[in-house]
Amino acid sequence: MGKKKSVVLMVIISIVLIALTVFTVCPSFWFPWNDRLNGWNSVTAEFVDFGSDYKGGYYAYYYPEGVITEDEYKGKLDSLADQDAKDEYAAEYIPCGGLYVSKEADFLTDGNSLSADFRTEMTKIREVISNRFSQKGYSEYSVSVVDNYALRVDIPASDANVQETLQLFALTGDITFKLNGEVVDEFKGEEVNAKDFIKAFSLRSQFAYKFIHVKLTKAGADMINRLEEAGSITAQGTDTTMDGSTGLWMYIGDQAFMPIYTENLASNTVLKCMHNEAEYASSLQTRVILANSALENGGFSFDFSDVGSEIRQKSHVYGENSQGAMLILLGALTLAAIVAAIVLCKKFGMVFAYMACTYVSITGLCFAFIAAGVFEFTLGTALAYALGLAVMFALHARTFAAIKKEVSLGKTVNSAVALGYKKTLWSTVDVYVVLALGSLALAVGIAGVTTLAWQMLICTVAGALCNLLWGRVINYLNLSASKDKYKYFGLVREDDDDE
């Protein structure tokens, strides 16, 4: 390619790549004389979903009815003035780790031992609730059994409706319909299954609104039609309390879950419930996940007590400013790699600068717009990014060494470049294949490792693209525009004076 064409292409590529890099890493700012909407929201700060290590998180305990904490037990005991009353109260509970269990609880056998059925059911409930948080998009969540009788749930602070999510996902009852607080005729009886009336729940859109779409079976449609013809279904805005005591409501266990109004009746087999603005779609998504879970798994023999007072906030593991500090550290690491490449490889190091900017843009945009809401940015993410950058630097330096060796054997620069890339091609491919296979192998692990695996795969693919393709393109254009190809690689031309 001619020198002029190479220069023009390099200028265009430089402008585009600089703009893309700035778009990816530029921090948030706004004008002091105007509001933030007319400023700039950083891609990394606003769209990358940082994990609990950087943003903190929340945790809550789910206690079955009849199980109380040690603090609650001692507080009640201390509030009793009479010793006989204290003895009577103490005799009602048995200690279990940091919990106290009522001897009247159905899951105890002989008044003091845990039944095998309860252990099995607790394991099943843990799996069901864990699956709910998985569908919600958390990758750092954990649901674990505590002291045999309770569950502890940990999630990152990435959900604006965290309290509602933690409270709703604690519901373990079956789906029923109640009219004015009484179970409708179709749901009376021990053999009734909600699947006989409802096929599925889903989140749908209508203009600027989101709503819960309920697909009914024929039996479900007949039930709704019967209640509508009897005038039992009220219009929205009439005297219908939000606690489910009046009007037609869908319940999960004993919890009023969703009202049914005449406006909900879109067709014979469809209910369009709980419209909301799109910005609050996360709340409706939580309800859809819970409803489908209750529909699929049915109810359990016990319920959890209200978790509202048990939701607690976790502090940042690495400090309040750890998010910005980590981004600055990764930026400094990238800049140091570019400087090291230029010092080591001369103008060939500028090729690595273009590769590094491309790597930053690909990984940053993927973490922001593809993986956001699915994978949180954690310390493992930062290590995956640093590993990808280090591998890319090492392979670029190895290519430079191969080119330099070919020149020392008497090859022209153009021939040496072709041979250098050719001799390092398959070893470069091998390195990235091993990294990709290693990432995929980790993907079969637990949630946290799976998250890291996919993030490593993103970094691996980005590095492979830069080393195997993009770097060669940039080097070709730069070399074509260079006047002194030896100086380009930091080499000195040696002339043989032997006649």
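The following paragraphs examine the structure supplied in this document. For every chain, the first residue of the written sequence is number 1, and numbering continues from 1 onward in sequence order. With pLDDT at 70 or above as the cut-off, local features in this predicted model cover only qualifying residues; side-chain atom pairs require 80 or more to be listed or tallied, and sums for whole chains, interfaces and linings still use all residues. No hydrogens and no water enter the side-chain calculation; it runs on all heavy atoms of the structure.

**Quick word on the overall build of the protein**
Then, number 1: Segments assigned H or I by DSSP are reported as helices when at least four residues long, segments assigned E as strands when at least two residues long, and all are numbered from the N terminus. Within the protein one finds 15 helices and 17 strands.
Then, number 2: Remark: exposure states derive from per-residue accessible area (1.4 Å probe, protein chains only) relative to the maximum for the residue type, with buried under 20%, exposed over 50%, and partly exposed in between. Considering the protein as a whole, with its 499 residues, one finds that 45% of them fall into the buried category.
Then, number 3: Of the contacts made within the protein by residues no fewer than 6 positions apart, 70% connect residues no fewer than 24 positions apart. What makes two residues a contact is simply this: any of their non-hydrogen atoms within 4.5 Å.

**Brief notes about the side chain of asparagine 467**
Then, number 1: Position of asparagine 467 relative to the elements: it lies in helix H14 (residues 447-481).
Then, number 2: Residue classification places asparagine 467 among the buried positions, given a relative accessible area of 11%.
Then, number 3: Once residues lying within four places of it in the same chain are set aside, the contact partners of asparagine 467 are Met355, Val391, Met392, Leu395, His396, Thr428, Tyr432 and Arg472.

**Considering the side chain of arginine 132**
Then, number 1: Following the sequence through the fold, arginine 132 ends up in helix H6 (residues 116-136).
Then, number 2: When charges are tallied, Lys and Arg are placed among the positive residues and Asp and Glu among the negative ones, while His and the ends of the chain are skipped. The term salt bridge refers to a side-chain nitrogen of Lys or Arg lying within 4 Å of a carboxyl oxygen of Asp or Glu. One buried charged residue, arginine 132, remains without a salt bridge, the closest side chain of opposite sign being aspartate 303 at 9.4 Å.
Then, number 3: Among the polar contacts listed, one links the side chain of arginine 132 to the backbone oxygen of leucine 171, at a separation of 2.8 Å.
Then, number 4: Apart from the residues within four sequence positions on either side, arginine 132 is in contact with Leu168, Phe169, Ala170, Leu171, Ile289, Leu290, Ser293 and Ala294. A 3.5 Å cut-off defines polar contacts: any pair of N or O atoms within that distance qualifies, except that in protein one atom must be a possible hydrogen donor and the other a possible acceptor, and neighbouring residues in sequence count only when both atoms are side-chain atoms.

**Some thoughts on the nonpolar core**
Then, number 1: Ranked by internal contacts, the top residues of the largest apolar core, which has 70 residues, are Tyr62, Phe133, Tyr149, Leu166, Ile198 and Phe201.
Then, number 2: What isoleucine 198 contacts, discounting residues up to four positions off in sequence, is Ile175, Phe177, Val214, Lys215, Leu216, Thr217, Met250 and Leu295.
Then, number 3: We call a set of buried residues a nonpolar core when its members are Ala, Val, Leu, Ile, Met, Phe, Trp, Tyr or Cys and they connect through side-chain atoms within 4.5 Å of each other. Counting residues in hydrophobic clusters, the runner-up holds 49 residues, among them Met326, Phe348, Val417 and Leu479.

**Brief notes about the sheet that holds strand S17 (residues 312-314)**
Then, number 1: The strand order S7-S8-S1-S17 describes an open sheet built from four strands, whose pairing is antiparallel. The sheet is open, and its two edges are formed by strand S7 (142-146) and S17, each paired on a single side. Sheet twist, expressed as the average angle between the axes of neighbouring strands with direction ignored, equals 25 degrees.
Then, number 2: For two strands to pair, DSSP has to find at least two bridges joining them. Where S7 lies against strand S8 (residues 150-156), five bridges are found, and the strand directions are antiparallel. Its bridge partner being in S8, serine 144 is matched across the sheet by arginine 152. Think of each axis as a best-fit line through the C-alpha atoms, taken over the contacting stretch in the case of a helix, with angles from 0 to 180 degrees between the N-to-C directions.

**Some points on the pairing of S8**
Two faces, one strand: in a regular strand the side chains alternate between the faces of the sheet.
Then, number 1: Among the seven residues in S8, six count as buried, and that is most of the element.
Then, number 2: Where strand S1 (residues 57-62) lies against S8, six bridges are found, and the strand directions are antiparallel. When the sheet's bridge partners are listed, tyrosine 59 is paired in S8 with aspartate 154.
Then, number 3: Counting the residues between successive antiparallel strands, the hairpin from S7 to S8 contains three residues, one of them, aspartate 147, with a positive phi of roughly 55 degrees.

Don't take any of this as a statement about function, it's just geometry.
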